[in-house]
Amino acid sequence: MSGLDLLSAYTSDSEDDEVNNETSNQNVDRLPLPGIIASWKGVPHHEEVEDDPSQHDGRTRSFKHERGNWATLIYINYKLSEAIDSWMFSVLDKVPVKCNIFSDEFHVSITRTVILKFHWIESFVEETKKLCSQTDRFSLELINVRAYINEERTRTFLGIECADCKGILTQFVKGVNKILAEYELPPFYDDISYHVSFLWCIGDEFTALNNCVPTLTSTLTHFLIEHPEERYIDVTKIHLKIGNKLYVFNLR
C-alpha cells in the first residue's frame, strides 16, 4: 500500500446517563466558550479572538471562533494503562522529527469536530442519546500504527488503528451521520480509520512519520503479545462534547 493510500484526514439525565456540567451559569448570553478550543478559554463572547499559536505549542485553530457556535465531537474515551502509556513514550525515540505525546484525554473520534448552533443542542443531544440506547456494547481491537494529517496540513499524527470487531461501531457511525445530515453538518470521513491518536507534531511531516510505521507496528505487535490484556478496548459508553459540556451515554 502506498503512502498516499495511508493518508487520512484527521481532525479525540438519568441514572444511566451522566452529564458533567463544567459551569452552573445557564444564561445564554454568558455561557463560557468551548473548552475544547484551548485558545478560547476565558475570552468573553463579544471580544475579537486573535489566534496566537505560541500560546498553545504552535497549533492553529481549524475554524474561526464565532458567537453562538459550539464545537462538538462524539467520541469513545480511552483510558491508558501504565503499560501502553510507557509504550507510547518509547516511540518518541524512534521518530526522526520532534514530536509530542498528547497530554489530554485519549479517545477514538467517531465524528469530525463540527459546529452546532445553540438552539440545536437540546435536540442533538436527545437524538444521540436515543441512538446510544439502541446500540449494543462492543469491542475495538488495537491492530497497528498509522500516520495521519489534518485537513489543513498543519499537524501530523501517529495513531493506533483499531478494528471494529463486529461492525457495530460502523453501524453506529452511519446512524450518527444521519443525525448530522439533519443539521446539514458533514459526515465522518469516507475513508474511516478508527484510531487513538497519541503523538503529534507541527507541520506536514506525513512522509517522515509514515516511513516509521512498519517499525512501530512491529513494536506494537510485540507489546500486545506481551500484554494481551491491552489488545481490546471494551466500549460501554459514548461521549458527546458540546462546548464546555460533556454528555456520557451508556450503550445497551
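Residues numbered from 1 in each chain as written. Predicted model: local features only at pLDDT ≥ 70, side-chain atom pairs only at ≥ 80, totals over all residues. Heavy atoms only, no water.

The name given to the protein in an unreviewed UniProt entry is U6 snRNA phosphodiesterase, and the organism recorded there is Ceratina calcarata. What the UniProt record of the protein gives under Catalytic activity (unreviewed entry) is the line "a 3'-end uridylyl-uridine-RNA = a 3'-end 2',3'-cyclophospho-uridine-RNA + uridine". (UniProt positions renumbered as here; feature names shortened; annotations may be inferred.)

**Looking at helix α4 (residues 168–182)**
The first and last C-alpha atoms of α4 sit 22 Å apart over 15 residues, in line with the 21 Å expected at 1.5 Å per residue. Listing the buried residues of α4 in full gives I168, L169, F172, V173, G175, V176, I179 and L180. Buried residues in α4, looked at end-on, bunch into an arc of 160°, giving them a common side. In this structure, α4 carries K178 and A181 as exposed residues pointing more than 90 degrees from its buried face. For α4, the elements touching its buried residues are β2 (69–78), β5 (114–117), α3 (121–133), β6 (138–149), β7 (155–164) and β10 (237–242). One or two residues past the end of α4 sits E184, with phi positive at roughly 55°. (Helix = DSSP H or I, 4+ residues; strand = E, 2+ residues; numbered from the N terminus. Expected span 1.5 Å × (residues − 1). Buried < 20%, exposed > 50% of the residue type's maximum accessible area, 1.4 Å probe, protein only. Arc of directions from axis to C-beta. Contact = heavy atoms within 4.5 Å.)

**Quick notes on the confidence of the model for the protein**
Mean pLDDT for the protein: 82, with 73% of residues reaching 70 or above. Under a pLDDT of 50 for its full length, residues 1–16 has, in the predicted model, 45 contacts with residues more than four places off or in other chains. Ignoring residues within four places in sequence, the model shows residues 21–60, a span with pLDDT below 50, making 66 contacts including any to other chains. (pLDDT = per-residue confidence, 0-100.)

**Concerning the UniProt feature "active site" (unreviewed entry) in the protein**
The positions that UniProt labels "active site" (unreviewed entry) are, in the present scheme, H107 and H195. A maximum C-alpha distance of 8.0 Å places the annotated residues, which cover 89 residues in sequence, within one compact spot. Tracing the backbone shows H107 in strand β4 (residues 106–109). A relative accessible area of 5% places H107 in the buried class. Position of H195 relative to the elements: it lies in strand β8 (residues 195–202). Its relative accessible area of 7% is what places H195 among the buried residues. Here the side chain of H195 touches S193 through a polar contact of 2.6 Å, landing on its backbone oxygen. (Polar contact = N/O pair within 3.5 Å; in protein donor to acceptor, adjacent residues only side chain to side chain.)

**Examining the nonpolar core**
With 67 residues, the main nonpolar core has W87, L158 and F198 as its most contacted residues. In contact with F198, not counting residues within four places along its chain, are W87, M88, V91, N100, I101, F102, F106, L158, G159 and I160. (Core = buried A, V, L, I, M, F, W, Y, C linked by side-chain atoms within 4.5 Å.)

**As for the packing of aromatic side chains**
Overall, the coordinates contain eight aromatic pairs when judged by the stated rule. For the pair Y247 and F249, a centre-to-centre distance of 6.4 Å together with 25° between the ring planes defines the contact as stacked. The buried category is assigned to F249, whose relative accessible area is 0%. Taken together, the ring pairs in this structure connect W87, F198 and F223 into an aromatic cluster. It is R155 that lies over the ring of W200; its NZ or CZ is 5.2 Å from the centre. (Phe/Tyr/Trp six-rings, centres within 6.5 Å; stacked < 30°, edge-to-face > 60°. Lys NZ or Arg CZ within 6 Å of the ring centre and 35° of its normal.)

**Observations concerning the packing of α3 against α4**
Two packed helices can be described by the angle between their axes and the distance between those axes. Running from N to C, α3 and α4 cross one another at 160°; their axes reach a closest spacing of 10 Å. By the angle class used here, α3 and α4 are roughly antiparallel. Crossing angle aside, the handedness with which α3 passes α4 is right-handed. Along the contact surface, α3 presents F124, E127, T128, L131 and C132, while α4 presents F172, G175, V176, I179, L180 and E182. A breakdown of the residues in the contact of α3 with α4 according to their chemical character gives seven nonpolar, two polar and two charged. (Axes fitted to C-alpha atoms, helices over the stretch in contact; angles between N-to-C directions. Parallel < 35°, antiparallel > 145°, perpendicular 65-115°, else oblique. Left-handed = near helix turned anticlockwise from the far one by under 90°. Nonpolar A, V, L, I, M, F, W, Y, C, P; charged D, E, K, R; others polar.)

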